[in-house]
Amino acid sequence: MKKSLIFLLVLITSITLYASDVILSNTLGAYYCSQEPNPKTYIKHTVEEPISIYWEDNVYPGFSDEECKGMVANYLDGVRLQSMALNTPDGKVRVYSYANIPQSYIDLVKEGYRAKKDWQDKDKIHQDAFKKMYDKSNHKIRDEFTDEWKEITTKSGDAYRKNNALTKQIEAEKAKLDLIITETTREQMPMMNYTIKTDEVHLSDTARKVLFSDEMTITDNRTHDVIAYNRRVMQLFSAALMPDFAGGRYYVQEGICGNPSKLFDRDVFITLVGGYYNLNDNKKLFYKYQK
């Protein structure tokens, strides 16, 4: 009986503390979301051909060897992005570029971009047509749209297969290029057209127990103009209403405010190929906070 009572008191106390953290995180989250900058996400204009970009991650900070390889594989195409620089945990900067790029490769990449755009356009038509032509009552395309639907689906499928084939061909040719890696410092690195910088937004000691916040800024180094920024405020899973069912995550991905995507840079550099989660990895962030 005594053990059961103790267990019940511990359970009630735990639930009370958890509930108070949930309330606190929502209250402080609303406060920080109301502060400047507002809006939390801003894009002045997008860029198709950045040519050169410097990524600086000050949250972890820096890109590991594995992350550098992923960034090169996903972003550096040698055409629209010809040079990229990444800060590393040892305080240095690595600059990546390709040497002696043949014209045949450049032409292939440009063809790949055209094919990707064509597939995206046809895929949008395909998705819009589905909303119009699909009959939810019998779970099939309405009879009056059958021929039109087949034509739209064929065009979308052909465009997808062409894009996919060119992507594989480009990757194969890219693997043959000579990758030049130069290690330098931020002060001595060559001029990059753009800088993508991510910093932790410092919260109060109380807020840091239930929230995490960071900000990515994108600057045109030639004009010193900030062309985009994204400030996120996120609940820690330890203070969220719903538990982390996936496991291993530190904060709730959706965020309280700000664009939740780790790939916000792709909303600005709209032709970058990448899909690499290069910033603010939860496990690294958790390790950082535990030190």
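Read on for a plain summary of the structure.

About the criteria used
Residues numbered from 1 in each chain as written. Predicted model: local features only at pLDDT ≥ 70, side-chain atom pairs only at ≥ 80, totals over all residues. Heavy atoms only, no water. Core = buried A, V, L, I, M, F, W, Y, C linked by side-chain atoms within 4.5 Å. Buried < 20%, exposed > 50% of the residue type's maximum accessible area, 1.4 Å probe, protein only. Helix = DSSP H or I, 4+ residues; strand = E, 2+ residues; numbered from the N terminus. Contact = heavy atoms within 4.5 Å. Salt bridge = Lys/Arg side-chain N within 4 Å of Asp/Glu carboxyl O. Pairing = 2+ DSSP bridges. Axes fitted to C-alpha atoms, helices over the stretch in contact; angles between N-to-C directions. Parallel < 35°, antiparallel > 145°, perpendicular 65-115°, else oblique. Left-handed = near helix turned anticlockwise from the far one by under 90°. Nonpolar A, V, L, I, M, F, W, Y, C, P; charged D, E, K, R; others polar.

1. A closer look at the nonpolar core
Phase 1 of the analysis: By size, the foremost hydrophobic cluster in this structure holds 35 residues, and its most contacted members are Trp55, Met84 and Phe269.
Phase 2 of the analysis: It is helix α3 (residues 103-133) that contributes the most residues to this core, six residues altogether.
Phase 3 of the analysis: Met84 has contacts with Ile53, Trp55, Met71, Val72, Tyr75, Leu76, Arg94, Val95 and Tyr96, leaving out every residue within four places of it along the chain.
Phase 4 of the analysis: Counting residues in each nonpolar core, the second largest holds 10 residues, with Leu28, Cys33, Leu203 and Val233 among its members.

2. A short note on the pattern of salt bridges
Phase 1 of the analysis: Per the counting criterion, the structure on display carries 16 salt bridges.
Phase 2 of the analysis: Taking the shortest distance from any N to any O, the salt bridge between Lys124 and Asp128 comes out at 2.8 Å. Residue Lys124 and its partner Asp128 are located together in helix α3, separated by four residues, close to a single helical turn.
Phase 3 of the analysis: Judged by relative accessible area, which is 34%, Asp128 ranks as partly exposed.
Phase 4 of the analysis: Arg161 is the salt-bridge partner of Asp158, the closest N and O atoms lying 2.8 Å from each other. With Asp158 and Arg161 both in helix α4 (residues 146-174), this residue pair falls three residues apart, about one helical turn.
Phase 5 of the analysis: One connected set of salt bridges, linked through shared partners, spans Asp65, Lys92, Arg94 and Glu183.

3. Thoughts on the sheet that holds strand β3 (residues 81-87)
Adjacent strands of a sheet form backbone hydrogen bonds with each other and so pair up, either parallel or antiparallel.
Phase 1 of the analysis: With mixed pairing, eight strands are arranged side by side in an open sheet as β1-β10-β9-β8-β2-β3-β4-β7. What marks the edges here is a single partner per strand, and that holds for β1 (41-43) and β7 (178-184). Strand-to-strand, the axes of this sheet are offset by a mean angle of 15°, without reference to chain direction.
Phase 2 of the analysis: Examined bridge by bridge, strand β8 (residues 194-200) and strand β9 (residues 211-220) share seven bridges and lie antiparallel to one another. Its bridge partner being in β9, Asp199 is matched across the sheet by Glu215.
Phase 3 of the analysis: Running at roughly 160° to β3, helix α2 (residues 65-75) makes contact with β2 (51-57), β3, β4 (93-99) and β7 of the sheet.

4. Some words on the packing of α3 against α4
Between two packed helices, the angle of one axis relative to the other and the distance separating the axes together describe the packing.
Phase 1 of the analysis: Contact geometry of α3 with α4 gives a least axis separation of 8 Å together with a crossing angle of 150°. Considered as vectors, α3 and α4 are oriented roughly antiparallel to each other. In this structure, α3 crosses over α4, and the sense of that crossing is left-handed.
Phase 2 of the analysis: By residue class, the composition of the contact of α3 with α4 is 15 nonpolar, six polar and 10 charged.

5. Describing the pairing of β8
Phase 1 of the analysis: Within β8, five of the seven residues are buried, which leaves the element mostly enclosed by the surrounding structure.
Phase 2 of the analysis: With five bridges joining them, β2 and β8 adopt parallel strand pairing. Within β8, the position partnered with Trp55 by the bridge is Ile196.

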